[in-house]
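Chain by chain, the residues run as shown.
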Amino acid sequence: MYSAAFLEQYGNQRFRGPIEDATHRGHVGQPDGGPYITIHLRVENGVIAQVGFETYACAATIACGSMVATLAHEKRVAEAKKIRSEDVVEGLGGLPRSKMHCADRAVTALRIALDTRVR
């Protein structure tokens, strides 16, 4: 059902967790009542120096959060703004049709983070 790339991202979430010194943050969903994802970024000189994600959701959202973080890490902000849901799905080796919204949720959180400075 899930690809090896999906299982790799789900099983080895290198960017899981908040960033203490985040400069940007984006959030989609309701932490106290359903699926959510938060993307934390530390941007230095226009480059995403550090990225983290938190989520409470299904395995597909976890894998999508991990993939978005992987795709955004060490990218220039302008490049990261071009990341699309299709890039996430491709990086995961596909998703079931019923889980495509998980990639959308992760990309939306990234875009909000890129536009939301916290300090």
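Residues numbered from 1 in each chain as written. Predicted model: local features only at pLDDT ≥ 70, side-chain atom pairs only at ≥ 80, totals over all residues. Heavy atoms only, no water.

**Q** Pulling in residues and values, what's your account of the packing of helix 2 (residues 59-72) against helix 5 (residues 100-115)?
**A** Closest axis-to-axis distance for the helix 2/helix 5 pair is 8 Å, and the angle between their directions is 40°. As far as their axial angle goes, helix 5 and helix 2 are oblique. In this structure, helix 2 crosses over helix 5, and the sense of that crossing is right-handed. Two secondary-structure elements touch here, helix 2 through Ala60, Thr61, Cys64, Gly65, Val68 and Ala72 and helix 5 through Cys102, Ala103, Arg105, Ala106, Val107 and Leu110. (Axes fitted to C-alpha atoms, helices over the stretch in contact; angles between N-to-C directions. Helix = DSSP H or I, 4+ residues; strand = E, 2+ residues; numbered from the N terminus. Parallel < 35°, antiparallel > 145°, perpendicular 65-115°, else oblique. Left-handed = near helix turned anticlockwise from the far one by under 90°. Contact = heavy atoms within 4.5 Å.)

**Q** So what about the sheet that holds strand 2 (residues 36-44)? Which residues, and what values?
**A** Judged by pairing direction, the sheet is antiparallel, and its three strands sit side by side in the order 1-2-3 without closing on themselves. The sheet is open, and its two edges are formed by strand 1 (24-29) and strand 3 (47-56), each paired on a single side. Each adjacent strand pair in this sheet contributes to an overall mean axis angle of 15°, direction not counted. Judged from the six bridges that link them, strand 1 and strand 2 form a sheet pairing that is antiparallel. (Pairing = 2+ DSSP bridges.)

**Q** Requested: an account of the nonpolar core, with residues and values cited.
**A** Ranked by size, the top nonpolar core spans 32 residues in total, and within it Ile39, Leu41 and Val88 carry the most contacts. Elements with a minimum of two residues in this core: strand 2, strand 3, helix 2, helix 3 (77-80), helix 4 (85-91) and helix 5. In this structure, leucine 41 is in contact with Ile19, Ala22, Thr23, His24, Ile48, Gln50, Val51, Leu110, Ala113 and Leu114, ignoring residues within four places of it in sequence. (Core = buried A, V, L, I, M, F, W, Y, C linked by side-chain atoms within 4.5 Å. Buried < 20%, exposed > 50% of the residue type's maximum accessible area, 1.4 Å probe, protein only.)

**Q** Which residues make up the pairing of strand 2, and what are the values?
**A** Counting buried positions over the nine residues of strand 2 gives eight, a clear majority of the element. Between strand 1 and strand 2, which pair antiparallel and follow one another directly, the connecting turn spans six residues, one of which, glycine 34, has a positive phi of 155°. Bridge count between strand 2 and strand 3: nine bridges; the pairing is antiparallel. Counterpart to leucine 41 in the pairing with strand 3 is valine 51. In this structure, the hairpin formed by strand 2 and strand 3 is closed by a connection of two residues, where asparagine 45 is found at a positive phi of approximately 55°.

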